[in-house]
Amino acid sequence: MTLFRSLKETQTINFLKTHGITRVYGSYGNRPSDPAEEGKIAAWNAKLHAEGIESHFLVANNTYIFPEKHGNMTTRITNNLINFNNSILRLPEEMFDALHFDVEPQGLSSAQVADLPGRFAWSTLSGAQKRDYVVMLFEMYGVARTHITPSLGVDFPIWGDLPIWFDSLTSSV
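Cut-offs and rules
- Residues numbered from 1 in each chain as written.
- Predicted model: local features only at pLDDT ≥ 70, side-chain atom pairs only at ≥ 80, totals over all residues.
- Heavy atoms only, no water.
- Pairing = 2+ DSSP bridges.
- Helix = DSSP H or I, 4+ residues; strand = E, 2+ residues; numbered from the N terminus.
- Axes fitted to C-alpha atoms, helices over the stretch in contact; angles between N-to-C directions.
- Contact = heavy atoms within 4.5 Å.
- Buried < 20%, exposed > 50% of the residue type's maximum accessible area, 1.4 Å probe, protein only.
- Expected span 1.5 Å × (residues − 1).

With that settled, consider the sheet that holds strand β3 (residues 98-101). Within the open sheet, the four strands sit side by side as β1-β2-β3-β4. Their pairing is parallel. Two strands in the sheet have a free side with no partner beyond their single neighbour: β1 (23-26) and β4 (158-160). With direction set aside, neighbouring strand axes in the sheet form an average angle of 30 degrees. Looking at chain direction, β3 and β4 are connected through three bridges and run parallel. Pairing of Phe101 across the sheet is with Gly160, part of β4. Packing against the sheet, helix α3 (residues 70-85) makes contact with β2 (54-59) and β3, and its axis sits at approximately 145 degrees to β2.

Residue placement: Arg76 occurs in helix α3. Its relative accessible area of 17% is what places Arg76 among the buried residues. Placed 56 residues apart in sequence, Arg76 and Asp132 show a C-alpha to C-alpha distance of 24 Å. Filtering out sequence-adjacent residues up to four positions away, Arg76 remains in contact with Gly29, Asn30, Phe57, Leu58, Val59, Ala60, Tyr64 and Leu81.

A word on α3. Relative to the 22 Å expected for 16 residues at 1.5 Å per residue, α3 spans 21 Å between its end C-alpha atoms, a close match to the ideal helical length. Every buried residue of α3 is listed here: His70, Met73, Thr74, Arg76, Ile77, Asn80, Leu81, Ile82, Phe84 and Asn85. Those residues of α3 hidden inside the fold are in contact with α2 (38-50), β2, β3 and α5 (127-152).

Shown next, in the form of structure tokens:
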């Protein structure tokens, strides 16, 4: 690791600690499944753990709410979280502590659904259709739980970001 990288990581951790941040969810793409990159992520996770900070693997693809995209989602989770954590070379402090979803149906754009027949951007949906998308979001969490439990255990945390207004939905959704 370069001195510059080490310095930036130390500065980042100091910033996180100064501001009381105890969880980091990182967007690593497919780097955890890349042999040239996985060691860097393992070392970063170990640094976070040494400072009492959890490291979550972030999944942020709004189309994963759709059942036809669940296979893509579970493949990504297997390749980049399950296989990473279950590597025989991985020390506990190098592992991810949780799976973290930032999947937001209300953020679906026309471009994101362009190749999905019968799927539409959130802004074009009726209240009933928006409700259906929210139900699909919750079903997606269930698919993820069912997928990771055999490999990572029933207690492996799954987090999700939801907009504050989801708990006060009115007749518009």
